[in-house]
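These are the residues of each chain, in order.
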Amino acid sequence: FFKQLAALFEASKDKGSVWLTHKRLTYDGDDATMTSDSAADSTEYPCLVRATNGKEANFSTRVEPGELDKFHAEYGTLMKASMSPLLRKRDKKRERQRVEETTRRKKRLAEDVVVEGAKRGNGRRKRQRLLKRAVLQEEQRKRVHEREEARINKAKALS
């Protein structure tokens, strides 16, 4: 099954899709009967794993409950090996922009707003905007300080 699955991943590496399904296999070959026995609920059922590319390749395997951990370990390594080249590369430019933005924001938060301009006449609006910005900056500083204290208190509580 794993050889076929690896070949299916390889065939659809450049173009195509692979569908994988896991399902509890309850069919014994007999007709199903509905019972309310609690003993019937404790039985372990095998797992049916199917793989297809939607066209010509269809195959499946039956995994017994005792071999399920071993199967999932091998299945996981095959999935990681097959999917890792297909993953998108991290957008380092965007990450760098976010880091620069946060440092710029921290720098602006650290700098005090210098309130200048006339109280009356020309420059009055500029002074009012600066006063408003100074008040907002002070509120932001308080929020940042409270967040840092909460984070420190949480770390102390965990340790």
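Residues numbered from 1 in each chain as written. Predicted model: local features only at pLDDT ≥ 70, side-chain atom pairs only at ≥ 80, totals over all residues. Heavy atoms only, no water.

(A) Structural detail: the side chain of N53. Tracing the chain through its elements places N53 in the loop between β2 (47–52) and β3 (58–63). Of the residues examined, N53 reaches a relative accessible area of 15% and is grouped as buried. Engagement of the side chain of N53 in a polar contact is seen with the side chain of E56, the distance being 3.4 Å. Only 3.2 Å separates the side chain of N53 from the backbone nitrogen of A57, close enough to count as a polar contact. Leaving out residues up to four positions away in the same chain, N53 has contacts with L8, S17 and W19. (Helix = DSSP H or I, 4+ residues; strand = E, 2+ residues; numbered from the N terminus. Buried < 20%, exposed > 50% of the residue type's maximum accessible area, 1.4 Å probe, protein only. Polar contact = N/O pair within 3.5 Å; in protein donor to acceptor, adjacent residues only side chain to side chain. Contact = heavy atoms within 4.5 Å.)

(B) Region of the structure containing the sheet that holds β3. The strand order β1-β2-β3 describes an open sheet built from three strands, whose pairing is antiparallel. Every interior strand has two partners, whereas the edge strands, β1 (19–24) and β3, have only one. On average, adjacent strands in this sheet sit at an angle of 15 degrees to one another, irrespective of strand direction. Pairing between β2 and β3: six bridges, direction antiparallel. When the sheet's bridge partners are listed, T52 is paired in β3 with N58. Across the sheet, helix α3 (residues 68–83) is in contact with β1, β2 and β3; its angle to β1 comes to roughly 170 degrees. (Pairing = 2+ DSSP bridges. Axes fitted to C-alpha atoms, helices over the stretch in contact; angles between N-to-C directions.)

(C) Highlighting the packing of aromatic side chains. Scanning all chains against the criterion turns up five aromatic pairs. Between F1 and F2, the aromatic rings sit 5.8 Å apart at their centres with planes inclined by 70 degrees, giving edge-to-face as the arrangement. F2 gets classed as buried once you look at its relative accessible area, which sits at 18%. Here F1 and F71 contribute two aromatic rings whose centre-to-centre distance is 6.1 Å and whose plane-to-plane angle is 40 degrees, an arrangement assigned as tilted. Note that F1 is positioned in the segment before α1 (2–11) and F71 in helix α3, a separation of 70 residues in sequence. Within the aromatic cluster, the residues linked to one another by ring pairs are F1, F2, F59, F71 and Y75. (Phe/Tyr/Trp six-rings, centres within 6.5 Å; stacked < 30°, edge-to-face > 60°.)

(D) Seen up close, the packing of helix α4 (residues 92–110) against helix α5 (residues 124–158). At a closest axis distance of 10 Å, the pairing of α4 and α5 adopts a crossing angle of 115 degrees. Here α5 runs roughly perpendicular to α4, going by the angle between their axes. For α4 against α5, the interelement crossing comes out left-handed. Here α4 contributes R108, L109 and A110 to the contact with α5, which in turn contributes Q137, Q140, R141 and V144. Class assignment of the residues belonging to the contact of α4 with α5 gives a composition of three nonpolar, two polar and two charged. (Parallel < 35°, antiparallel > 145°, perpendicular 65-115°, else oblique. Left-handed = near helix turned anticlockwise from the far one by under 90°. Nonpolar A, V, L, I, M, F, W, Y, C, P; charged D, E, K, R; others polar.)

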